[in-house]
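Survey of secondary and tertiary structure
One-letter residues, chain by chain:
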Amino acid sequence: MKRTIENVLAEGKSLLKDANIRTWALDGEILLSHILSFSRVQLFTHSRDEISEEQEKAYKELIYKRLKGAPTQYLTNEQEFMSLPFYVDSSVLIPRQDTEVLVETALDFINKEKEFQVLDLCTGSGCIGISIAYYAPLCRVIGIDISEDALKVAEHNAKLNKVNDRVHFIKSNLFEEVPTNLKGTIDMIVSNPPYIPTEEIKELMKEVSAYEPSIALDGGKDGLDFYRLIVRDGKEYLKSGGILLFEIGYNQGDDVVNLLKSQGFSDATIKKDLAGLNRVVFGIKE
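Quick caveat, the model's predicted, so the values are computed rather than measured. Here, residues in each chain are numbered from 1, in the same order as that chain's written sequence. Where local features are concerned, this predicted model is filtered to residues with pLDDT of at least 70; where side-chain atom pairs are given and counted, the filter is 80 or more; whole-chain, interface and lining totals use all residues. The side-chain numbers reported here are obtained from all heavy atoms of the structure, hydrogens and water having been left aside.

1. What about the overall build of the chain?
What counts here: The helix count covers DSSP runs of H or I at least four residues long, the strand count covers runs of E at least two residues long, and both are numbered beginning at the N terminus. Put simply, the radius of gyration uses C-alpha atoms, and a globule should come to 2.2 Å times the residue count raised to 0.38. Throughout, exposure labels follow a simple rule: accessible area from a 1.4 Å probe, protein chains only, divided by the maximum for the residue type, with under 20% read as buried, over 50% as exposed, and the rest as partly exposed. Here the open area of atoms and residues is found with the Shrake-Rupley method and a 1.4 Å probe, where only the protein chains shown may cover a residue. Positive residues here are Lys and Arg, negative ones are Asp and Glu, while His and the chain termini are left out of the count. By convention, the point assigned to a charge is CZ for Arg, NZ for Lys, CD for Glu and CG for Asp.
A tally of helices and strands in the chain yields 11 helices and nine strands. The globule rule puts the C-alpha radius of gyration for 286 residues at 19 Å, and the 21 Å found for the chain is close to it. On the principal axes, the C-alpha backbone points of the chain span a range of 70 × 40 × 35 Å. The burial tally for the chain puts 50% of its 286 residues in the buried class. Accessible area of the chain: about 14,200 Å², with a carbon and sulfur share of 49%. Mean positive and mean negative side-chain charge positions of the chain (34 and 45 charges, respectively) differ by 1 Å.

2. Thoughts on the pairing of strand S4 (residues 139-145)
Applicable threshold: Convention used here: a crossover is right-handed provided that the path from the first strand, over the helix, to the second strand proceeds clockwise when the strands point away from the viewer. The rule for pairing is simple: two strands pair if DSSP sees at least two bridges between them.
Most of S4 sits inside the fold, with six of its seven residues counted as buried. In terms of handedness, the path from strand S3 (residues 116-121) via helix H7 (residues 127-135) over to S4 forms a crossover that is right-handed. Where S4 and strand S5 (residues 167-171) come together, five bridges link them in parallel fashion. Looking at S5, one finds that aspartate 145 is bridged to lysine 171. For the handedness criterion, the β-α-β arrangement of S4, helix H8 (residues 148-160) and S5 is classed as right-handed.

3. Topic: the UniProt feature "binding site: S-adenosyl-L-methionine" (unreviewed entry) in the chain
The condition is simple: UniProt positions are given in the numbering used here, feature names are shortened, and annotations may be inferred rather than shown by experiment. Pairs of residues are marked as contacts when any of their non-hydrogen atoms sit within 4.5 Å. In protein, a polar contact requires one atom able to donate a hydrogen and another able to accept it; more generally it is a pair of N or O atoms within 3.5 Å, and residues adjacent in sequence count only if both atoms are side-chain atoms.
Those residues carrying the UniProt feature "binding site: S-adenosyl-L-methionine" (unreviewed entry) are Asp145 and Asn192 in this numbering. Spanning 48 residues, the annotated positions come together in the fold, the maximum distance between their C-alpha atoms being 11.3 Å. Following the sequence through the fold, aspartate 145 ends up in strand S4. A residue is classified by how much of its surface remains accessible, and aspartate 145, at 11% relative accessible area, is buried. Apart from the residues lying within four places of it in its own chain, the contact partners of aspartate 145 are Cys122, Thr123, Gly124, Ala150, Leu151, Ile170, Lys171 and Ser172. A distance of 3.3 Å separates a polar atom in the side chain of aspartate 145 from the backbone nitrogen of threonine 123. A relative accessible area of 17% means that asparagine 192 is categorised as buried.

4. Considerations on the domain arrangement of the chain
How we decide: Segment limits for the domains were obtained from an automatic or database-derived domain assignment.
Here the chain is described as being made up of domain 1 (5-68) and domain 2 (78-285). Taking only C-alpha atoms, the centre of domain 1 and the centre of domain 2 are 34 Å apart.

Here it is as structure tokens:
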């Protein structure tokens, strides 16, 4: 019997829907698009086209992995962020749209006509620093991460987005391996650090708790461990007037503002995301 794209897609979606996967329709389409190297629109414009046994088998394998909880982005190794393509795998967090607020806020501070030096701490996939470099062509970015596997992904993404001449990476536990000659030279530090309280990680969705790297999630007992360290040590690297920007958990705004104020940062400010939740905190070094 002839198997068409329409038939196979309907079966895949049905399996996901029956498993109560909230994004069943989107996931079914993304996974089949990935197998066929089609756009999602092409799935429908070519819906009567025949699909090979090998393609159907590969699609079903991805569907079954998704049924077990594997995130779609890890199955396709793709995620869009700031309208740019990023490779992702299980060594890095999946970039979220909420984090675009952090990048947009950072870009608001950057004079696009002047050279600007940025440190991106806990860079992961590199999506924050790479996006800043892409949209601010005179920016130079140093991405910092403790994970060698994450840095390989970030380096790949810098090349993918053609900013690898201005984005470089250092393996370091926060500032430990950052050259001391950079002290007092940095215009901006930006970070989406681990900020989930340790005991809350097991309560997250299975897609996150079981698949995304815990090293990129665990912010210690109260979720603030990394903020304390970055605020304390970051001021040495910033120029006078330099900016420190963080992504935060929805309930961490006041705590992070107080940390900034305690280390002498001025104009400590909370910015909300599109859902009206606290998402970004920034302060300026005096």
